[in-house]
Amino acid sequence: MSTAAIPDLIARYPELDECVPDIHGAFSLLEACFEKGGKTLICGNGGSAADCEHVVGELMKGFLTRRELPDEMRARFTDAFPAEGDYLADHLQGALPAISLVSHSGLITAYSNDVAADMIYAQQVYGYGRQEDVLIAISTSGRSVNILNAVRVARSLNLATIGFTGRGGGVLAELCDVAVRVPEDETLKIQERHLPIYHALCTMLEQAFFPDQT
């Protein structure tokens, strides 16, 4: 396991030292997911919804490295399209598959209006989720019903589950395989501590799957 990002995280945010075992646990679940060819589904509300899109952006493209395509993948494009293949290969980057469940406004508004607002993420987990996948569920209170329902569906489908929440943890901490509970109680302070943890995890995953790139 690549853990180089953890010492830097704790140097900048010493109060997160108590979260380190759960950060390692979250990393292990995500690493196993991507090794098996799975994907990560992410859901949250409000500021945490914005965090979902942020995390997807770090996973689906180069974060701290270029993630250049391997030679055999480059050859696929140049063999299939001799004129355009180099351009395609030069402008694609290695990806760790991730879907932000907050980003599908048409589906979310339709499901909220036609079925049930507290099932907008659960329905997507049911539709997208496969046994090799991971659900990252973010709720600063640990009590957001639409988040809890998504986790319940994920567990029923045998997806691994990672929760990000605050000190209390709420029901979310009890439901998830791994719960990262930052030692804060106010929503904005919880969200401020979640961000560097996301970045540490994305750094560790990039180092694990795209080593020796600059």
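Everything that follows concerns the structure shown earlier in this document.
About the thresholds
Residues numbered from 1 in each chain as written. Predicted model: local features only at pLDDT ≥ 70, side-chain atom pairs only at ≥ 80, totals over all residues. Heavy atoms only, no water. Axes fitted to C-alpha atoms, helices over the stretch in contact; angles between N-to-C directions. Helix = DSSP H or I, 4+ residues; strand = E, 2+ residues; numbered from the N terminus. Parallel < 35°, antiparallel > 145°, perpendicular 65-115°, else oblique. Left-handed = near helix turned anticlockwise from the far one by under 90°. Contact = heavy atoms within 4.5 Å. Nonpolar A, V, L, I, M, F, W, Y, C, P; charged D, E, K, R; others polar. Patch = residues over 30% accessible without salt bridge, like charges linked within 9 Å, V, L, I, M, F, W, Y side chains within 5 Å. Areas by Shrake-Rupley, 256 points an atom, 1.4 Å probe, with all protein chains shown as cover. Salt bridge = Lys/Arg side-chain N within 4 Å of Asp/Glu carboxyl O. Buried < 20%, exposed > 50% of the residue type's maximum accessible area, 1.4 Å probe, protein only. Expected span 1.5 Å × (residues − 1).

Moving on: the packing of helix α7 (residues 120-128) against helix α8 (residues 145-156). Axes are the key here: two packed helices are described by the angle between their axes and the distance separating the axes. Two elements in contact, α7 and α8, have axes whose closest approach is 7 Å; the angle formed by their N-to-C orientations is 20°. Taken together, the axes of α7 and α8 are roughly parallel relative to one another. For α7 against α8, the interelement crossing comes out right-handed. Across from Ile-120, Tyr-121, Ala-122, Val-125 and Tyr-126 in α7, the residues of α8 making contact are Asn-146, Ile-147, Asn-149, Ala-150, Val-153 and Ala-154. Grouping the constituent residues of the contact of α7 with α8 by class yields nine nonpolar, two polar and no charged.

This part covers a nonpolar patch on the surface. A cluster of nonpolar side chains, Phe-81, Tyr-87, Leu-88 and Leu-92, forms an exposed patch at the surface whose accessible area comes to about 390 Å². Along the polypeptide, Leu-88 turns up in helix α5 (residues 85-90). For Leu-88, a relative accessible area of 32% translates into the label partly exposed.

Let us look at the pattern of salt bridges. Taken as a whole, this structure holds 12 salt bridges when the rule is applied. For Arg-193, the salt bridge identified is with Glu-15, shortest N-O distance 2.5 Å. Of this pair, Arg-193 sits in helix α10 (residues 187-209) while Glu-15 is found in the loop between α1 (5-12) and α2 (20-35), placing the two residues 178 residues apart along the sequence. Judged by relative accessible area, which is 16%, Arg-193 ranks as buried. For Lys-189, the salt bridge identified is with Glu-186, shortest N-O distance 3.2 Å. Overall, the relative accessible area of 42% leaves Glu-186 in the partly exposed class. A single network of salt bridges, built from pairs that share partners, joins Glu-15, Glu-184, Glu-192 and Arg-193.

Within the fold, Arg-130 resides in the loop between α7 and β3 (134-138). With relative accessibility at 42%, the residue Arg-130 sits in the partly exposed group. C-alpha of Arg-130 to C-alpha of Gly-38: the two residues are 92 residues apart in sequence and 7.6 Å apart in space. Leave out the neighbours within four places in its chain, and Arg-130 touches Lys-39 and Leu-159.

The next point concerns unusual backbone geometry. In this model, Arg-67 sits at a positive phi of 55°, which is unusual for a non-glycine residue. Among the structural elements, Arg-67 can be located in the loop between α3 (47-59) and α4 (71-80). Residues other than glycine seldom take positive phi values, yet Asn-158 does so here, at roughly 70°. Within the secondary structure, Asn-158 is located in the loop between α8 and β4 (160-165).

What follows is about the environment of His-24. In this fold, His-24 is placed in helix α2. C-alpha separation for the pair His-24 and Tyr-87, spaced 63 residues apart in sequence, amounts to 38 Å.

Attention shifts here to α8. Its 12 residues place the ends of α8 16 Å apart at the C-alpha level, agreeing with the 16 Å of an ideal helix rising 1.5 Å per residue. Inspection of α8 places Asn-146, Ile-147, Leu-148, Asn-149, Ala-150, Val-151, Val-153 and Ala-154 among the buried residues, and these make up the whole buried set. With its phi angle positive at about 70°, Asn-158 sits one or two positions after the end of α8.

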